[in-house]
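Fold and contact review
Residues per chain are reported as follows:
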Amino acid sequence: MVQSSILGFPRMGRLRDLKKATEAYWADKISRDELLAEGKRLRLEHWKIQKDAGVDVIPSNDFAFYDQVLDHHQLFGTIPERYSKYNLNPLDEYFAMGRGLQKEGIDVPSLEMVKWFDSNYHYVKPTLQDNQEFKLAAEPKPVVEFLEAKAAGIITRPVILGPVSFLTLGKADRDQTVDPISLLDKLLPLYVELLSKLKAAGAEDVQIDEPVLVFDLAEKSKAAFKPAYEKIGALGAQGPRITLATYFGDIVHNINVLADLQSLHSIHIDLVRNPEQLDAVVAALGPKQVLSAGIVDGRNIWKTNFKAAIEKVENAIQKLGKDRVIVATSSSLLHVPHTLASEKALDAEVRDWFSFAVEKAAEVVVIAKAVTEGPAAVREQLEANAKSVQARASSARTNDPAVKARQASVTPEMHNRKSAFPERYAEQTKTLKLPLFPTTTIGSFPQTKEIRIQRNKFTKGEITPEEYEKFIEKEIQDVVKIQEELDLDVFVHGEPERNDMVQYFGERLTGYVFTTHAWVQSYGSRCVRPPIIVGDISRPAPMTVKESKFAASISPKPMKGMLTGPITCLRWSFPRDDVHQSVQAQQLALALRDEVVDLEAAGIAVIQVDEPALREGLPLRAGDARAAYLKWAVDSFKLSTAGVTDGTQIHSHFCYSEFQDFFHAIAALDADVLSIENSKSDAKLLKVFIDEAYPRHIGPGVYDIHSPRVPTEQEIKDRIEEMLAYLTPQQLWCNPDCGLKTRGWPETKAALTAMVNAAKYFRQKY
Ligand code: GLN
Ligand code: ZN
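Just so it is clear, the model here is predicted, and its values are computed rather than measured.

**So, the overall build of the protein**
In terms of regular secondary structure, the protein is built from 28 helices and 23 strands. With respect to the three principal axes, the spread of C-alpha positions in the protein is 80 × 60 × 50 Å. Entry remark: accessible area of the protein is about 30,100 Å², with carbon and sulfur atoms responsible for 53%. Placing the 94 positive and 104 negative side-chain charges of the protein at their respective mean positions leaves the two points 1 Å apart.

Structure follows, in structure tokens:
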């Protein structure tokens, strides 16, 4: 019999219950016991959903109050002394590491948090000491949660992060030099102890995630698999059967590692992302090893095409037999929303195309049944599925001939500005007349409570569109006046009309749909609700021209138009899975190109196209895939911006400054001005700009906007001085690190005053 399996379930609950409970706990509104009870309730509910759906292999220990990797810091005792010294209760210590703690004489910042592979989920990096000792928690969470499920009558397969991934994804603590993987020998006994405890508790199977196998691994990490899994395998009957799980990529380049993993019961691979790896992995399996075939997409919201999925599974069964194949989700379902059932407002046509976590649980079951008992056993489901798939493929929403015709007419010249930078700059100088060290901001100004209230009223129909428009105009007037008082050089309208930098555009483009409850965890208690690209994208009407034009009309200073770039719109949405992402990016680029041209025609001579998500789209491995991505990503940006005349100044913005590995792509964007994060990172990162003789202008952020702290004028001057070691005074702009929407007004005004004064000081000097 072919079993069905899920690698992990979303934790937030149907109505973001976990977010609400954790935030209430942080605000001292509920007790620790109440929070713990809510966690327990959610775990049980989620196990039950999967059990009732008929899933055979249900995960446990996939739950976390903040982040599953952070759970492992406590599990193995890798808690830096700056947290442990306070003797907080474990839950508070855990949150202190995740989000920092500032209260009652305690002041510790959080540990570093970074993106989980190429997803929008963030994990807390294991942070290790040179003399690191490990210690298994007295009541290991995987055991506790296994027993909790067992007590409820549900036998689960606990999930733990594998030793090689835990160390490879970790780093040496600040001021430490240890190479984490060198700690493997010390860490392994804890895995052995944990696994035997799990077995003793009744766990016959354990899922060990080793997703780093999809990376180009350093030799040391690669070599760590053999000793690690030999040690674990030596447990024999004293330990559970192990499923080693990989996802988000293929493992063919590391396939020889599998030969060393003969003690494993099964290997899980992502066949949604990389179906072509099937043959190579099957060939590398030992004679009894099982393949867990990840064929239900854990990263996207589309209904699984049963026919195609069943074909993939049958293909594996032919080679391995029914007892050696498991039907699984491609990865944890952490990356998809909880249930489609909450979407009451969704158009019935598109609703039929989607499948969220609860629905995906049913999908693995149907597919497993189809291959076990034959299609007749699930005929009804297969027929309904084929109908949905067919309806989607032929829907007028997915296919817009006008969009396709326009894409077919795109020429190489459309990607290039008319002249090179020197000529453009000469033209821009004539109209813009900017001083040296021009000052500007990144777009948004504080999104006050009042703005949210009015937007809410407007969405609910409590105020008329005219009233709302009046309100927005008033907001724009206020920020223009403030920018005049601050004496900034290039103004912005402040983005008061935008709920979110992607959603705002999605709502104005054909081809997008929106959900009401489809939240996905991004980090800690923070969730995002990505819009969904369902069909060919086009722009029925201008999206931002009215606000920018109004703003420009009330001030003589240059007004910067503000758009979200094609890659960021794509990456921060659920993309289509029926056409390549480059096609979707080009459609977005064409829509934005029209907007850019319309802004120019409306008299907006400076236009910023934000691409903060450009880097996260970078394929996980170096090589052809990365080069191909960068080509189409850069082309999309250029296509969206190159429709203007030389005199229009194109800006772009990124929220990071590590460009070393893809500097050429950044340079190829050919933006007249780039603004980047730099206040929190080393000014040395700017060295690449001189090394590569970057000819255009750059505004490395001069202060951090993520904190309410106001920088002094002197700090900003010092920062600019450091930057001048790498950039010429003619190249340098002065701006904050990112948009100011999350800040309050008092600190914003104070910080910008310091920034403008610092810029004026350097203007005098040069
Ligand atoms: N223009 C956007 C803003 O200022 C940019 C946001 C971002 O880079 N994430 O809010
Ligand atoms: Zn930013």
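More follows now that the structure is in view.
**Quick notes on the packing of helix α23 (residues 581-601) against helix α24 (residues 624-641)**
If you want to describe how two helices pack, look at the angle between their axes and the distance between the axes. Closest axis-to-axis distance for the α23/α24 pair is 7 Å, and the angle between their directions is 20 degrees. The orientation of α23 with respect to α24, classified from their angle, is roughly parallel. Where α23 crosses over α24, the two elements pack in a sense that is right-handed. Residues Gln581, Ser582, Ala585, Gln586, Ala589, Leu590, Leu592, Arg593 and Val596 of α23 pack against Trp632, Ser636, Leu639, Ser640 and Thr641 of α24. In the contact of α23 with α24, the residues fall into 7 nonpolar, 6 polar and 1 charged.

**Some words on the sheet that holds strand β1 (residues 3-5)**
Pairing within the open sheet is parallel, and its 8 strands lie in the order β1-β14-β13-β12-β11-β10-β8-β2. Looking along the sheet, the strands with just one partner apiece sit at the ends: β1 and β2 (59-60). Across 2 bridges, the pairing between β2 and strand β8 (residues 157-161) is parallel. What sits directly across from Ser60, in β8, is Pro158.

**Notes on the coordination of the zinc ion (ligand 2)**
Every protein donor of the zinc ion (ligand 2) is listed here as His653 (NE2), Cys655 (SG) and Cys738 (SG), and their distances to the metal cover 2.0 to 2.2 Å. Geometry at the zinc ion (ligand 2) is tetrahedral, judged from the 4 donor atoms that bind it and their angles of 91 to 122 degrees at the metal. Written as a sequence motif, the donor arrangement for the zinc ion (ligand 2) is H-x1-C-x82-C.

**Concerning the sheet that holds strand β19 (residues 560-564)**
The strand order across the open sheet built from 5 strands is β19-β20-β21-β22-β23, with neighbouring strands paired in parallel fashion. Each having just a single partner strand, β19 and β23 (697-700) make up the two edges of the open sheet. Across the sheet, the axes of successive neighbouring strands diverge by a mean angle of 20 degrees, strand direction being ignored. The pairing of strand β22 (residues 673-676) with β23 spans 4 bridges and is classified as parallel. Counted as the bridge partner of Val673 is His697 from β23.

**Overview of the packing of helix α1 (residues 17-26) against helix α5 (residues 90-99)**
Close contact between α1 and α5 brings their axes to 12 Å; oriented N to C, the two are set at 100 degrees. Taken together, the axis directions place α1 and α5 in an arrangement best described as roughly perpendicular. Facing Thr22, Tyr25 and Trp26 of α1, the residues of α5 in contact are Leu91, Asp92, Phe95 and Arg99. Residues of the contact of α1 with α5, tallied by class, amount to 4 nonpolar, 1 polar and 2 charged.

**Considerations on the site of ligand 1**
Not every one of the 13 residues close to ligand 1 is listed here, only the nearest: Ser444, Glu495, Asp610, His653 and Lys741. Ile442 is positioned such that a nitrogen or oxygen atom in its backbone is 3.1 Å from a nitrogen atom of ligand 1. At a separation of 2.9 Å, an oxygen atom of ligand 1 approaches a polar side-chain atom of Lys741.

**Brief notes about the pattern of salt bridges**
This structure, assessed with the given rule, holds 58 salt bridges. Between Arg621 and Asp250 there is a salt bridge, and its shortest N-O distance comes to 3.7 Å. Of this pair, Arg621 sits in the loop between β20 (606-610) and α24 while Asp250 sits in the loop between β11 (241-245) and α10 (255-259); the two residues are 371 residues apart in sequence, bridging distant segments of the chain. Given the relative accessible area of 26%, Arg621 is considered partly exposed. Residue Asp250 is classed as buried on the basis of its relative accessible area, which comes to 14%. Linking Arg576 and Asp578 is a salt bridge whose minimum nitrogen-to-oxygen distance equals 2.9 Å. On the basis of relative accessibility, which here comes to 4%, the residue Arg576 falls in the buried class. Asp578 gets classed as partly exposed once you look at its relative accessible area, which sits at 38%. Residues joined by salt bridges that share partners form a network here, namely Arg392, Lys404, Asp536, Arg576, Asp577 and Asp578.

**What to know about the pairing of strand β21 (residues 649-653)**
Extensive coverage of β21 is indicated by the burial of 5 of its 5 residues. Examined bridge by bridge, β20 and β21 share 5 bridges and lie parallel to one another. Looking at the pairing, Val606 lines up with Gln649 of β21. Handedness of the β20-α24-β21 crossover: right-handed. Relative to β22, β21 runs parallel, the two being bridged by 3 bridges. Bridge pairing links His653 to Ser675 in β22. With helix α25 (residues 663-668) bridging β21 and the parallel β22, this β-α-β connection has right-handed handedness.

**Considerations on helix α6 (residues 141-151)**
For α6, every residue scored as buried is listed here: Pro142, Val143, Glu145, Phe146, Glu148 and Ala149. Packing partners of the buried residues in α6 comprise α2 (32-53), β2, α3 (68-76), β8 and α8 (184-201). Once α6 ends, the next one or two residues include Gly153, with phi positive near 85 degrees.

**Things to note about the nonpolar core**
The biggest cluster of nonpolar side chains holds 99 residues, and the ones touching the most others in it are Trp116 and Leu291. The biggest single contributor to this core is α8, with 10 residues. Setting aside chain neighbours within four positions, we find Leu291 in contact with Ile267, Ile269, Leu278, Val281, Val282, Leu285, Ala316, Leu320, Arg324, Val325 and Ile326. Formed by 92 residues, the second largest nonpolar core is a distinct cluster that contains Leu509, Tyr512, Leu630 and Leu752.

**A short note on the packing of aromatic side chains**
Throughout the structure, instances matching the rule amount to 33 aromatic pairs. With a centroid separation of 6.0 Å and an interplanar angle of 75 degrees, the aromatic rings of Phe663 and Tyr694 are classed as edge-to-face. Pair noted here: Phe663 is in helix α25 and Tyr694 is in the loop between α26 (687-691) and β23, with a separation of 31 residues, a long-range link. Residue classification places Phe663 among the buried residues on the basis of a relative accessible area of 4%. Measuring from centroid to centroid gives 5.2 Å for Phe689 and Tyr694, while their planes differ by 80 degrees, and the two rings are edge-to-face. Judged by its relative accessible area of 2%, Phe689 is buried. On the basis of relative accessibility, which here comes to 5%, the residue Tyr694 falls in the buried class. One aromatic cluster in this structure is built from Phe654, Tyr656, Phe659, Phe662, Phe663, Phe689 and Tyr694. Stacked on the ring of Tyr761, the Lys or Arg Lys717 has its end atom at 4.3 Å from the ring centre.

What counts, and at which threshold
Per chain, the residues get numbers from 1 upward, laid out in the order the sequence is written. Whichever chain is written first is A, and whichever ligand is written first is 1; the rest continue in order. In keeping with the model being predicted, local features are shown solely for residues with a pLDDT of at least 70 and side-chain atom pairs are shown and tallied solely at 80 or more, while totals for entire chains, interfaces and linings include all residues. Side-chain measures were taken over the full set of non-hydrogen atoms in the model, leaving aside hydrogen atoms and water. In this description a helix means any DSSP run of H or I spanning at least four residues, a strand means any run of E spanning at least two, and both kinds are numbered starting from the N terminus. Throughout, the Shrake-Rupley method with a 1.4 Å probe supplies accessible areas, and for residues the shown protein chains are the sole cover considered. Working convention for charge: Lys and Arg count positive, Asp and Glu count negative, and His plus the chain ends are omitted. To locate a charge, take atom NZ for lysine, CZ for arginine, CG for aspartate or CD for glutamate. To obtain each axis, a line is fitted to C-alpha atoms, and for helices this fit is confined to the stretch in contact; angles are then taken between N-to-C directions over 0 to 180 degrees. These descriptions rest on fixed angle ranges, namely under 35 degrees for roughly parallel, over 145 for roughly antiparallel, 65 to 115 for roughly perpendicular, and the rest for oblique. A crossing counts as left-handed when the near helix is turned anticlockwise from the far one by less than a right angle, and as right-handed when that turn is clockwise. In this description, contact between two residues means that some pair of their heavy atoms is separated by no more than 4.5 Å. Lys, Arg, Asp and Glu make up the charged group, whereas Ala, Val, Leu, Ile, Met, Phe, Trp, Tyr, Cys and Pro make up the nonpolar group; the residues left over, Gly among them, are polar. Strand pairing is defined by DSSP finding a minimum of two bridges between the two strands. Atoms are scored as donors when they are N, O or S and lie within 2.8 Å of the metal, with 3.2 Å used for Na, K and Ca; no water is included, so coordination may look incomplete. In this scheme the shape depends on donor count and angles: four donors with every angle between 85 and 135 degrees give tetrahedral, four or six donors with opposite pairs above 155 degrees and others between 65 and 115 give square planar or octahedral in turn, and any other case is irregular. Near residues are defined by distance, with any heavy atom within 4 Å of the molecule or strand qualifying the residue. Any pair of nitrogen or oxygen atoms within 3.5 Å is treated as a polar contact; in protein, a donor-acceptor pairing is required on top of that, and neighbouring residues in sequence qualify only through side-chain atoms on both sides. By convention in these notes, a salt bridge is any Lys or Arg side-chain nitrogen within 4 Å of a carboxyl oxygen on Asp or Glu. Partly exposed describes any residue whose relative accessible area lies between the buried limit of under 20% and the exposed limit of over 50%, with all areas from a 1.4 Å probe on protein chains only and scaled to the type maximum. Place the viewer so that the strands point away; then a crossover is right-handed whenever the path from the first strand over the helix to the second strand goes clockwise. To define a nonpolar core, start from buried Ala, Val, Leu, Ile, Met, Phe, Trp, Tyr and Cys residues and group those joined through side-chain atoms within 4.5 Å. Ring pairs shown here join Phe, Tyr and Trp side chains whose ring centres sit within 6.5 Å, with only the six-membered ring taken for Trp; geometry is labelled stacked below 30 degrees between planes, edge-to-face above 60, and tilted in between. Criterion for a charge above a ring: Arg CZ or Lys NZ at most 6 Å from the ring centre, at most 35 degrees from the ring normal.

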